Amino acid sequence: MTFEERVEYVKYRIESAHKTLEAAKVLADNGFWNSSVNRLYYAVYYAVNAILVFNEVETKTHSATKSQFSLLFVKTGKFDKKFGRLFSELFDWRQKGDYENIFDYDEESVRPLFEPVAEMIKKIEKEIIKTL
């Protein structure tokens, strides 16, 4: 992938992150808590994928994406540990909400996630812009 192709891909992924966060809000506003958690996870995943691709890091699985983000951005101090924990928590919560039988999140557990997810997406976007 050329630099220009990477930049276009990254722009698309960041835009997807923002749109997916908005979709999570719509789902939450209508009481679809598990689906909202799913969309919150994917909003962060798209942003993390963008910064990894921008830095020419390829991953093939969600677990590898999570690991590479932690290794390259959290453990190096570029990103606060809270963002690594947030991504890990959302990863686990999405799995639980999507695949466990008879499990439902509620408003009290989901609403507090919106602000940190938005903050993480903005932080990733700023980090990418800073290096352009």
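For the structure, see preceding data.
Attention here is on the structure that accompanies the text. (Residues numbered from 1 in each chain as written. Predicted model: local features only at pLDDT ≥ 70, side-chain atom pairs only at ≥ 80, totals over all residues. Heavy atoms only, no water.)

Comments concerning helix α2 (residues 33-54)
Going by this rule: The helix and strand labels rest on DSSP assignments: H or I over at least four residues marks a helix, E over at least two residues marks a strand, and numbering proceeds from the N terminus. Expected helix span is taken as 1.5 Å per residue step, with the number of steps being one fewer than the number of residues. The buried label goes to any residue with under 20% of its type's maximum accessible area, the exposed label to any with over 50%, and the partly exposed label to all in between, with areas taken from a 1.4 Å probe on protein chains only.
With 22 residues, α2 extends 32 Å from end C-alpha to end C-alpha; this agrees with the ideal 32 Å at 1.5 Å per step. Most of α2 is tucked away: 20 of the 22 residues are buried. Glu56 lies just past α2 and shows a positive phi near 60°.

Focus on the pattern of salt bridges
We apply this condition: Any Lys or Arg side-chain nitrogen found within 4 Å of a carboxyl oxygen on Asp or Glu counts as a salt bridge.
Counting across every chain of the model gives 9 salt bridges. For the salt bridge of Glu15 with Lys19, the shortest nitrogen-to-oxygen distance reads 2.9 Å. Linking Glu15 with Lys19, this pair stays in helix α1 (residues 3-29), spanning 4 residues, or about one helical turn. The salt bridge partner of Lys25 is Glu22, with a shortest N-O separation of 3.2 Å. One end of the pair is Lys25 and the other is Glu22, both in helix α1 and 3 residues apart, which spans about a single turn. Since its relative accessible area comes to 32%, Lys25 is described here as partly exposed. A single network of salt bridges, built from pairs that share partners, joins Asp29, Glu107 and Arg111.

Things to note about unusual backbone geometry
With a phi close to 60°, Glu56 is a non-glycine residue in the positive phi region. When you line up the elements, Glu56 lands in the loop between α2 and α3 (62-74).

Describing the packing of α2 against helix α6 (residues 114-130)
Put simply, the rule is: Axis definition: a line fitted to C-alpha atoms, over the contacting stretch in the case of helices. Angles run 0 to 180 degrees between N-to-C directions. Angular relationships are summarised with four words: roughly parallel below 35 degrees, roughly antiparallel beyond 145, roughly perpendicular across 65 to 115, and oblique for the angles in between. If you view the pair so one helix is near and one far, a crossing is left-handed when the near helix is turned anticlockwise from the far one by less than a right angle, and right-handed when it is turned clockwise. The contact definition used throughout considers only heavy atoms, calling two residues in contact when any of these lie within 4.5 Å. Each residue gets one of three labels, nonpolar for Ala, Val, Leu, Ile, Met, Phe, Trp, Tyr, Cys and Pro, charged for Asp, Glu, Lys and Arg, and polar for the others, Gly among them.
Contact geometry for α2 and α6: axes closest at 10 Å, N-to-C directions at 15°. Here α2 is positioned roughly parallel relative to α6, judged by the angle of their axes. When you trace α2 past α6, the crossing you get is left-handed. Between α2 and α6, the contacting residues are Ser36, Leu40, Ala43, Val44, Ala47, Val48, Ala50, Ile51 and Phe54 on the first element and Phe114, Val117, Met120, Ile121, Ile124, Glu127 and Ile128 on the second. A per-class count over the contact of α2 with α6 returns 14 nonpolar, 1 polar and 1 charged.

Looking at the packing of aromatic side chains
To keep it simple, the criterion reads: Each Phe, Tyr or Trp ring, with Trp reduced to its six-membered ring, pairs with another whose centre is within 6.5 Å; inter-plane angles below 30 degrees give stacked pairs, above 60 give edge-to-face pairs, and intermediate values give tilted ones. Distance and angle both matter: a charge sits over a ring if NZ of Lys or CZ of Arg is within 6 Å of the ring centre and within 35 degrees of the ring normal.
Applying the stated criterion across every chain yields a total of 15 aromatic pairs. Plain terms: the ring middles of Tyr42 and Tyr45 are 5.9 Å apart, the flat faces sit at 75° to each other, and that makes the pair edge-to-face. With a gap of 3 residues between them, Tyr42 and Tyr45 both fall in helix α2, about one helical turn apart. Using a relative accessible area of 16% as the deciding quantity, one classes Tyr42 as buried. By relative accessible area, Tyr45 is classed as buried at 11%. Feature note: the residues Tyr41, Tyr42, Tyr45, Tyr46, Phe69, Phe73, Phe79, Phe83, Phe87 and Phe91 constitute an aromatic cluster, connected by ring pairs. A cation sits over an aromatic face here: Lys66 above Phe91, 4.5 Å from the ring centre. Its guanidinium or amino end placed over the ring of Phe79, Lys123 lies 4.9 Å from that ring's centre, counting from NZ or CZ.

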